[in-house]
Amino acid sequence: MSVIIAISSFIIPGLMFFIIFYGMAKKQNVYDDFVNGAKGGLSTVLKVMPTLIGLMVAVGVLRESGFMDFLGNWIGKLTNPIGFPGELMPITIVKIFSSSAATGMLTDIFKEFGPDSYLGKVSSLMMSSTETIFYTMSVYFITAKVTKTRWTLAGALLATAAGTIASVILANLM
């Protein structure tokens, strides 16, 4: 195990040195390329920032107002009989919009029920097998200037549902 830890400590610095030496071998001005890439990244952040702020504020308002808990309890009445706890509906919905807000909710679940509880296991698995759909779509589509998303949202929601179902099944097997 200590060999893996030692190797993992050198992966990122090794990759950085490889890129620098590769650029030098190809006679590229690596520093100027880095600065130009950073400028491009900053302009991308400035384009995406209003959307991100809007998503974060909306999720925060819904969470703090108690609407997410109300919605979770209401939908939970339908999902409890099929094995999906209603207590996890708020984190399921919030994860679609914001991973950081969902992580905060995950911490709350751990504090209340424990990380080894059924709810802790399902929510942990769900956090790692689902995506922040609207965040990802807004960042990538705004950056790439995509206007016709076609079936992206439907496919992403289907994949999130599959990840959520798989989380429940796997937690039942543990």
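What you see is a predicted model, and the numbers here were worked out from it, not measured in a lab.

Caption draft 1: Seen up close, the packing of aromatic side chains. Across all of its chains, the model carries four aromatic pairs by this definition. Residues Phe 17 and Phe 21 carry aromatic rings whose centres are separated by 6.2 Å and whose planes lie at 20° to one another, so their mutual orientation is stacked. With a gap of four residues between them, Phe 17 and Phe 21 both fall in helix H1 (residues 2-25), about one helical turn apart. Considering the side-chain rings of Phe 97 and Phe 134, the 4.8 Å spacing of their centres and the 15° angle between planes classify their relative orientation as stacked. With Phe 97 in helix H4 (residues 89-97) and Phe 134 in helix H7 (residues 133-144), this pair connects stretches of sequence that are 37 residues apart. Owing to a relative accessible area of 29%, Phe 97 belongs among the partly exposed residues under this scheme.

Caption draft 2: Molecular detail of the confidence of the model for the protein. Confidence in the prediction of the protein, expressed as mean pLDDT, is 83, and 99% of residues score 70 or more. Looking over the protein, one finds the lowest element-wise mean pLDDT in H7, namely 78, and the highest in helix H6 (residues 118-129), namely 90.

Caption draft 3: Looking closely at the packing of H7 against helix H8 (residues 152-173). The interhelical angle for the contact between H7 and H8, taken along N-to-C directions, is 145°, at an axis separation of 10 Å. Along this stretch, H7 crosses H8, giving a crossing that reads as right-handed. Across the interface between the two elements, Ile 133, Phe 134, Met 137 and Phe 141 from H7 touch Thr 152, Leu 153, Ala 156, Leu 157 and Thr 160 from H8.

The rules behind these values
Residues numbered from 1 in each chain as written. Predicted model: local features only at pLDDT ≥ 70, side-chain atom pairs only at ≥ 80, totals over all residues. Heavy atoms only, no water. Phe/Tyr/Trp six-rings, centres within 6.5 Å; stacked < 30°, edge-to-face > 60°. Helix = DSSP H or I, 4+ residues; strand = E, 2+ residues; numbered from the N terminus. Buried < 20%, exposed > 50% of the residue type's maximum accessible area, 1.4 Å probe, protein only. pLDDT = per-residue confidence, 0-100. Axes fitted to C-alpha atoms, helices over the stretch in contact; angles between N-to-C directions. Left-handed = near helix turned anticlockwise from the far one by under 90°. Contact = heavy atoms within 4.5 Å.

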